[in-house]
Amino acid sequence: MRVILIGDGKLAYFLGKKFVAQRHRVTIINAHPSEAEEFSHQIKATVIVGDGTHPPILKEAEAEKADLVLALTAYDEDNLVACQIAQHYYGVPRTIALVNDPAHQQFFEQMGITVAFSATQILANLIEKRADFEDIANFFAVDGGQIGITEIILDEDSPAVGKTLQNLNLPTGALIGCIIRQDKAFVPRGWSHLQVGDRLILISQPEHYQQFLEVLTGKVE
Amino acid sequence: MAKFLEITVIGCGRLGSILASHFSQQGHNVVVIDRDKSAFEHLTEEFSGFAIYGDAAEMQVLQEAKLEQADCAIAVTGKDNLNIMVSQLAKTVFDVPIVLTRILEPAREEIYQKLGLTIISTTKISATAFFQTLQQQLEENVS
């Protein structure tokens, strides 16, 4: 895949490296000459110094052949314009933009950006889900938050310990996708018993999440 | 439309301050936004509108400026991309009926005109003024 990455700093650097390692053809547009030079030494990618929202710079990056443009600068307006020009002027099929102000996320997608993501929102969700809930190891949202995936560890206070899944009153929009017990993972069946120390991978719709956690941990968030 | 309009001017630099002062003097209700407090010193004494101090790239600032109540929004900050983004926000999120966008870099003009913005390219307008004035002077010198 041909990827154009517009941005600077560590995010652009490590993402650029990762795409190269995944054998994508990467072009990085970086506005800062000294950092761009550093990138060109450290990453096997084409590095262009310039403004990624400027049509001639996108042309130099061969935007018309790109499969994906990623705009990751600290300025929402630059990320929006870079993606819009890539899309409408050079016909790039997929665009991904970082939104610094989470309130812009929906608007960006309304303006035709394929995916707008907010680091602030992702971190805030993560913290919100963790608050008062230290056994929750992980949370991430899939498909814009329609489904959440969470990992929890059952402690001895859990009312679910010793029960089989079919005896738990699990909500309909929720399921236990996997149990990890003594470093072995298995997909549980209705007759599987839950034990203290089990790590459970939960898949649920957000509206059923609270009830799901309550059944498994006995705690209300 | 009412005789006196609600006008929001985004950017209180040289151009924005002239526009905001002028509209205010004409009796319109003007809100002007700038992220630099000292920019408001450009406004004339006749300006009687609201000055909102904040970055227009932040949604909350546009909400504080009650952009949804505006009849007209004029984006004239020094940054083309910011003008473009704020104008698209004004049109699609805040439903402002008239939105004017200043652009300095002509390369972006065509594409955003196609995307439905009303663009005023001050660079092109100045170039035209230079050509015309030069032409006039040449003609006067000939005659």
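Residues numbered from 1 in each chain as written. Chains lettered and ligands numbered in written order. Predicted model: local features only at pLDDT ≥ 70, side-chain atom pairs only at ≥ 80, totals over all residues. Heavy atoms only, no water.

## Focus: the packing of aromatic side chains
All names here are of chain A.
Argument step 1. Under the defined criterion, the tally for this structure stands at 4 aromatic pairs over all chains.
Argument step 2. A centroid spacing of 5.1 Å and a plane angle of 80 degrees characterise the contact between Y89 and Y90, whose relative ring orientation is edge-to-face.
Argument step 3. Relative accessible area serves as the criterion here: at 39%, Y89 is assigned to the partly exposed category.
Argument step 4. Given a relative accessible area of 12%, Y90 falls into the buried group. (Phe/Tyr/Trp six-rings, centres within 6.5 Å; stacked < 30°, edge-to-face > 60°. Buried < 20%, exposed > 50% of the residue type's maximum accessible area, 1.4 Å probe, protein only.)

## A look at the domain arrangement of chain A
When the parts of a complex come together, some accessible area is lost, and that lost area is often used as the size of the interface.
Argument step 1. The assigned domain composition of chain A is domain 1 (2–117) and domain 2 (122–217).
Argument step 2. Centre-to-centre separation of domain 1 of chain A and domain 2 of chain A, based on C-alpha positions: 36 Å. (Domains from an automatic or database assignment.)

## Structural notes on unusual backbone geometry
Argument step 1. Positive phi is not limited to glycine here, since D183(A) has a value of about 65 degrees.
Argument step 2. D183(A) gets classed as exposed once you look at its relative accessible area, which sits at 73%.
Argument step 3. Positioned with a positive phi, D95(B) is a non-glycine residue whose angle comes to about 55 degrees.
Argument step 4. Structurally, D95(B) can be placed in the loop between α3 (80–92) and β5 (98–103).
Argument step 5. D95(B) sits in the exposed class, given a relative accessible area of 58%. (Helix = DSSP H or I, 4+ residues; strand = E, 2+ residues; numbered from the N terminus.)

## Notes on the interface of chain B and chain A
Argument step 1. Residue-level contacts link 19 residues of chain B with 21 residues of chain A.
Argument step 2. Taken as a group, N81(B), M85(B) and I111(B) account for 29% of the area that chain B buries against chain A, more than any other trio of residues on that side.
Argument step 3. At the boundary of chain B and chain A, one finds 2 salt bridges.
Argument step 4. The interface formed by chain B and chain A contains 9 residue pairs in polar contact (both at pLDDT 80 or more). (Contact = heavy atoms within 4.5 Å. Buried area = accessible area lost by both parts, 1.4 Å probe. Salt bridge = Lys/Arg side-chain N within 4 Å of Asp/Glu carboxyl O. Polar contact = N/O pair within 3.5 Å; in protein donor to acceptor, adjacent residues only side chain to side chain.)

## Re the packing of helix α4 (residues 76–90) of chain A against α3(B)
Argument step 1. Relative to each other, α4(A) and α3(B) sit at 85 degrees, their axes nearing to 8 Å. Classified by the angle their axes make, α4(A) and α3(B) are roughly perpendicular. Contacts from D76(A), E77(A), D78(A), L80(A), V81(A) and Q84(A) in α4(A) reach N81(B), L82(B), I84(B), M85(B) and Q88(B) in α3(B).
Argument step 2. Here the contact of α4(A) with α3(B) is composed, by residue class, of 5 nonpolar, 3 polar and 3 charged. (Axes fitted to C-alpha atoms, helices over the stretch in contact; angles between N-to-C directions. Parallel < 35°, antiparallel > 145°, perpendicular 65-115°, else oblique. Nonpolar A, V, L, I, M, F, W, Y, C, P; charged D, E, K, R; others polar.)

## A word on the sheet that holds strand β3 (residues 50–53) of chain B
Residues and elements named next belong to chain B.
Argument step 1. One open sheet accounts for 6 strands, arranged β3-β2-β1-β4-β5-β6; its pairing is parallel. Both edges of this open sheet fall to β3 and β6 (118–121), since each of them pairs with a single strand only. Between one strand and the next, the sheet's axes are offset by a mean angle of 20 degrees, whatever the strand orientation.
Argument step 2. The strands touched by α3 are β1 (6–10), β4 (72–75) and β5; relative to β5, the strand with the most contacts, the crossing angle is about 170 degrees. (Pairing = 2+ DSSP bridges.)

## Comments concerning a nonpolar patch on the surface
Argument step 1. A surface patch of nonpolar side chains, about 270 Å² in accessible area, is lined by L123(A), L126(A) and I127(A).
Argument step 2. Here I127(A) lies in helix α6 (residues 119–130). (Patch = residues over 30% accessible without salt bridge, like charges linked within 9 Å, V, L, I, M, F, W, Y side chains within 5 Å. Areas by Shrake-Rupley, 256 points an atom, 1.4 Å probe, with all protein chains shown as cover.)

## Describing the pattern of salt bridges
Residues and elements named next belong to chain A.
Argument step 1. For the structure shown, the criterion picks out 9 salt bridges over all chains.
Argument step 2. Across the pair E62 and K65 runs a salt bridge whose closest N-O atoms are separated by 3.3 Å.
Argument step 3. The class for E62 is partly exposed, based on a relative accessible area of 31%.
Argument step 4. Relative accessible area serves as the criterion here: at 43%, K65 is assigned to the partly exposed category.
Argument step 5. The shortest N-O distance in the salt bridge between E151 and R199 comes to 2.9 Å. Pair noted here: E151 is in strand β8 (residues 147–153) and R199 is in strand β11 (residues 199–204), with a separation of 48 residues, a long-range link.
Argument step 6. Shared partners join several salt bridges into a network, and the residues in it are R2, E62 and K65.

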